[in-house]
Amino acid sequence: MTAPTRTYGQFCGLARALELVGERWALLIVRDLVLGAKRYTQLKAGLPRIPPSMLSTRLNELEASGVVRRRVRSDLDAGLVYELTEYGSELDRILLDLGLWGARSLGRPASGDVFTLDAAILSLYTTFRGEAAAGVRVAYEIQYPGKMVLRVIVDDGALEVSEGRHADADLVIRCDQGPALLDVISGQASPAEAVRSGRLSIEGDLGDLELFTRLFRLKTAPEPAAGIALR
């Protein structure tokens, strides 16, 4: 495997991992490839603030490190796509755990922050509580602002999330105002409060929204302690 040009000079697995995927934008590129192969233009669309030259550089670095590979797909008009290698795919669980840890400190979105389709899908995998879903079979359709729609299927502890409508959803959830769904799964607002305030609207039974908050849960980070800890 190609050695990175910048190293920490540490014989340590964590240092090596950071050398491979710790550069700016690298893990977000991996995030957007976890759900499947993408063309360069699709990656650029999902990372609107990355300079094209940096995207090309990071892809080249990830390819040289054995995390990403290029492949020609005959079923696409523009056949060249980027995808994770088997080694790169092993990052999926790490990304979910890291994403869950970071989501606990998300707060409110800043002006200009984007919420992409891949981020929306992965946020559900990140917060899913498989143990709470044992024996549960329920289907949701989640509608976000900007015409982004997700199909969410829970089947006895397993989760499947994809883009698109669900004609037979038990509950349709419309996120009408900001990160309302995040407030509900983090316990900052109850399902009834979110619906009553108009931040969420639903088609179906409120009980299925309450079930959603048991299946998808986010514990917020504690407030930072002030001063020096004394023992």
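Above this text sits the structure in question.
In this text, all values refer to a predicted model and were calculated from it rather than measured experimentally.

### Section: the overall build of the chain
A count of helical and extended segments in the chain gives 10 helices and seven strands. Counting across all 231 residues of the chain, residues that qualify as buried make up 37%. In the chain, 58% of the contacts between residues at least 6 apart in sequence involve partners at least 24 apart. The average position of the 28 basic charges and that of the 30 acidic charges among the side chains of the chain differ by 5 Å.

### Considering a nonpolar patch on the surface
The grouping of Y8, L14 and L18 at the surface amounts to a nonpolar patch, some 330 Å² of accessible area in total. Inspection of the secondary structure puts L18 in helix α1 (residues 13–21).

### Considering unusual backbone geometry
For W25, which is not a glycine, the phi torsion comes out positive at approximately 80°. Counting through the fold element by element, W25 comes out in the loop between α1 and α2 (26–34). Overall, W25 belongs to the buried group, its relative accessible area being 15%. With a phi close to 65°, K147 is a non-glycine residue in the positive phi region. One can find K147 in the loop between β3 (137–144) and β4 (148–155).

### Some thoughts on the environment of G107
Structurally, the position occupied by G107 is in the loop between α6 (92–103) and α7 (117–127). Through-space distance from the C-alpha of G107 to that of P179 is 9.6 Å; in sequence the pair is 72 residues apart.

### Some words on the nonpolar core
By size, the foremost hydrophobic cluster in this structure holds 32 residues, and its most contacted members are F212 and F216. Contributions of two or more residues to this core are made by α7, β3, β4, β5 (158–163), β6 (171–175), α8 (180–185) and α10 (206–215). Once residues within four sequence positions are removed from consideration, F212 is found in contact with L124, Y140, I142, I173, L181 and I185. Counting 19 residues, the second-largest nonpolar core is a separate cluster that includes I29, V30, L59 and L84.

### Looking at α1
Considered for burial, the residues of α1 that qualify are A15, E19, L20 and V21. Buried-residue contacts for α1 involve α2, α4 (52–64) and α5 (86–89).

### A few points about the sheet that holds β3
Strand order in the open sheet formed by five strands is β5-β4-β3-β6-β7, and the pairing between neighbours is mixed. On the outer flanks of this sheet lie β5 and β7 (200–203), each paired with one strand and no other. Each neighbouring strand pair of the sheet contributes to a mean axis angle of 20°, computed without reference to strand direction. Here β3 runs beside β4; their pairing, made up of eight bridges, is antiparallel. Following the sheet pairing, V138 is matched in β4 by V154. Contacting β3, β4 and β5, α7 crosses the sheet at an angle of about 170° to β5. Set on the sheet, α10 makes contact with β3, β4, β6 and β7; between it and β3 the angle comes to about 95°.

### Section: the packing of α6 against α7
Interhelical geometry of α6 versus α7 gives an angle of 90° and a closest axis separation of 9 Å. As the angle between them shows, α6 and α7 are arranged roughly perpendicular. Along the contact surface, α6 presents L96, G99 and L100, while α7 presents L122, Y125, T126 and T127.

### Let's talk about the side chain of K38
Here K38 is to be found in the loop between α2 and α3 (40–46). Within the local environment of K38, its side chain forms a polar contact with the backbone oxygen of D32, the two atoms lying 2.5 Å apart. Among residues more than four places away in sequence, those in contact with K38 are D32, L33, L43, V81, Y82 and D118.

### Here we look at the pattern of salt bridges
If the charged atoms of two oppositely charged side chains come close together, the side chains can form a pair. Under the definition given, this model contains 16 salt bridges. Linking E19 and R16 is a salt bridge whose minimum nitrogen-to-oxygen distance equals 3.8 Å. Taken together, the positions of E19 and R16, both in helix α1 and three residues apart, correspond to about one turn of that helix. Across the pair R31 and D32 runs a salt bridge whose closest N-O atoms are separated by 2.8 Å. Just as R31 is buried, D32 falls in that class too. One connected set of salt bridges, linked through shared partners, spans E23, R58 and E61.

About the cut-offs
Residues numbered from 1 in each chain as written. Predicted model: local features only at pLDDT ≥ 70, side-chain atom pairs only at ≥ 80, totals over all residues. Heavy atoms only, no water. Helix = DSSP H or I, 4+ residues; strand = E, 2+ residues; numbered from the N terminus. Buried < 20%, exposed > 50% of the residue type's maximum accessible area, 1.4 Å probe, protein only. Contact = heavy atoms within 4.5 Å. Lys, Arg positive; Asp, Glu negative; His and termini not counted. Charge placed at Lys NZ, Arg CZ, Asp CG, Glu CD. Patch = residues over 30% accessible without salt bridge, like charges linked within 9 Å, V, L, I, M, F, W, Y side chains within 5 Å. Areas by Shrake-Rupley, 256 points an atom, 1.4 Å probe, with all protein chains shown as cover. Salt bridge = Lys/Arg side-chain N within 4 Å of Asp/Glu carboxyl O. Core = buried A, V, L, I, M, F, W, Y, C linked by side-chain atoms within 4.5 Å. Pairing = 2+ DSSP bridges. Axes fitted to C-alpha atoms, helices over the stretch in contact; angles between N-to-C directions. Parallel < 35°, antiparallel > 145°, perpendicular 65-115°, else oblique. Polar contact = N/O pair within 3.5 Å; in protein donor to acceptor, adjacent residues only side chain to side chain.

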